[in-house]
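Results of the structural survey
Chain by chain, the residues run as shown.
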Amino acid sequence: MGAWDELPLWDDDTWGEPAPAAVAPSIADPAPAAVASAAVAEITAESVAPGPCAGPLGVFDLETTGIDVRSDRIVSAHVGVLDASGVVIDARTWLADPGVEIPAGATAVHGITTQRARAEGRAAAEVVAEVTASLRDLFAAGIPVVAYNAPFDFSLLKYESLRHGVVPIDAPSPVIDPLVVDKTYDRYRRGKRTLEVVAAHYSVTLEGAHDAAADAIAAGRVAQAIAARFDLDVSADDLHTQQIAWARAQAESLSEYFVRIGRLDADVDGSWPIR
């Protein structure tokens, strides 16, 4: 595992041959609409438009105690829905008491202290159950869910579910992972691929990085920007299937790069969207 500020699961790589990358055009970045805590289950399958990101589009993000998906805990979570123009039409954010100390390194990233989580957060089991139910409702309605570096969030949620006696989502689908799609369609662009960097590349505003709501919404808008930039016209289900192969190929490429530089202890898992 890398340092806390390094996204796990091969996010910050810069391997590959250099090639010029075109600057993505600006896209509309509408201000979030006022939202209530309406249940995402109220969105029906009939309201789903064709295309992978046409809308409604679910968004999902976690802030956690660390980067080990098997042992670390949820501190905050966001599940929301964007319309086709990127406006928030439904949203819910949770603050959890993870039941363990939040390391200083994690607090430095997302700003949530152990004291605040204990004073203001809800029981972890309740949060895990509600987040899982909200995502399950979106998938049941056929609404794709965007998660940046999806295997991290969905895997950590799975292990939290098992820890707290909640039936996990073992095969989330359809999922859209802007990290995987961006690496596929703009493979040779140099530099980091953190959400903050990629959002800037696609002219998507990210206000308050490492806040679960801000990150989830920005990731959804980045997915929409990528779809517009590269004229993606496949269905969300087909894109989900393609990403499974793309993620595996990207992991194999990273493994080969690590071998070339002599980093033989790196463990790269190309399973997607959950491990």
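Quick note: structure is the one above.
First, a word on scope: everything that follows refers to the structure included in this document. (Residues numbered from 1 in each chain as written. Predicted model: local features only at pLDDT ≥ 70, side-chain atom pairs only at ≥ 80, totals over all residues. Heavy atoms only, no water.)

Let us look at the overall build of the chain. On a plain count of helices and strands, the chain comes out with 8 helices and 6 strands. When the helices and strands of the chain are listed from N to C terminus, the series reads β-β-β-α-α-β-α-β-α-β-α-α-α-α. Roughly 12100 Å² of accessible area belongs to the chain as shown, and the carbon and sulfur atoms make up 53% of that amount. (Helix = DSSP H or I, 4+ residues; strand = E, 2+ residues; numbered from the N terminus. Areas by Shrake-Rupley, 256 points an atom, 1.4 Å probe, with all protein chains shown as cover.)

It is worth spelling out the pairing of strand β2 (residues 74–82) at this point. The buried count for β2 comes to 9 of 9 residues, which makes it a mostly enclosed element. Across 8 bridges, the pairing between strand β1 (residues 57–64) and β2 is antiparallel. In the sheet register, Phe60 faces β2, and the bridge partner there is Val79. Sheet topology places β2 next to strand β3 (residues 88–97); 7 bridges connect them, and they run antiparallel. Counted as the bridge partner of His78 is Thr93 from β3. The loop that links β2 with its antiparallel partner β3 comprises 5 residues; one of these, Gly86, has a positive phi angle of about 90°. (Buried < 20%, exposed > 50% of the residue type's maximum accessible area, 1.4 Å probe, protein only. Pairing = 2+ DSSP bridges.)

Among the nonpolar cores identified, the biggest contains 63 residues, and Phe60, Val131, Leu135, Phe154, Leu157 and Val222 are the most heavily contacted of them. A total of 10 residues in this core trace back to one element, the largest contributor, which is helix α7 (residues 212–229). Every residue in contact with Leu135, bar those within four places of it in the chain, is listed here: Phe60, Val79, Val145, Phe154, Leu157 and Ile169. Ranked by size, the runner-up nonpolar core spans 6 residues in total, among them Val75, Leu95, Ile102 and Ile112. (Core = buried A, V, L, I, M, F, W, Y, C linked by side-chain atoms within 4.5 Å. Contact = heavy atoms within 4.5 Å.)

Let's shift gears to the packing of aromatic side chains. The tally for this structure, following the rule as stated, stands at 5 aromatic pairs. Plain terms: the ring middles of Phe60 and Phe154 are 5.0 Å apart, the flat faces sit at 55° to each other, and that makes the pair tilted. Residue Phe60 is found in strand β1, and its partner Phe154 is found in helix α4 (residues 150–163); the two are separated by 94 residues along the sequence. Residue Phe60 is classed as buried on the basis of its relative accessible area, which comes to 1%. Among the residues examined, Phe154 registers a relative accessible area of 1% and is labelled buried. When the centroid spacing of 6.2 Å and the interplanar angle of 40° are considered together, the rings of Phe139 and Phe154 count as tilted. (Phe/Tyr/Trp six-rings, centres within 6.5 Å; stacked < 30°, edge-to-face > 60°.)

With omega at -10°, the peptide bond leading from Gly55 into Pro56 counts as cis. Considering the arrangement of structural elements, one finds Pro56 in the segment before β1. In this structure, Pro174 follows Ser173 across a cis peptide bond, with omega equal to 0°. Tracing the sequence through the fold places Pro174 in the loop between α4 and β6 (175–176). Despite not being glycine, Asn149 has its phi angle at roughly 60°, a positive value.

Quick look at the pattern of salt bridges now. Using the criterion set out here, one finds 9 salt bridges in the structure. Note that Glu126 is salt-bridged to Arg122, the shortest N-O span being 3.2 Å. What makes Glu126 partly exposed here is its relative accessible area of 41%. In this structure, the salt-bridge partner of Arg189 is Asp182, at a minimum N-O distance of 2.7 Å. With relative accessibility at 11%, the residue Arg189 sits in the buried group. One network of salt bridges, with partners in common, ties together Arg92, Arg122, Glu126 and Glu130. (Salt bridge = Lys/Arg side-chain N within 4 Å of Asp/Glu carboxyl O.)

A separate point is empty space enclosed by the protein. This structure, assessed with the given rule, holds 1 cavity of 30 Å³ or more. Of the voids in this model, the largest cavity is the one considered here, and its volume is about 40 Å³. Around the largest cavity, the lining residues are Cys53, Ile176, Pro178, Val181, Ala223, Ile226, Ala227, Leu232 and Leu239. At the level of elements, α5 (178–185) and α7 are the ones that each hand at least two residues to the lining of the largest cavity. (1 Å grid on protein atoms, 1.4 Å probe; cavity = no way out; pocket = protein on both sides within 12 Å on 5 of 7 lines; lining within 4 Å. Points joined across faces, edges and corners; volume = space filled by probe spheres on them.)

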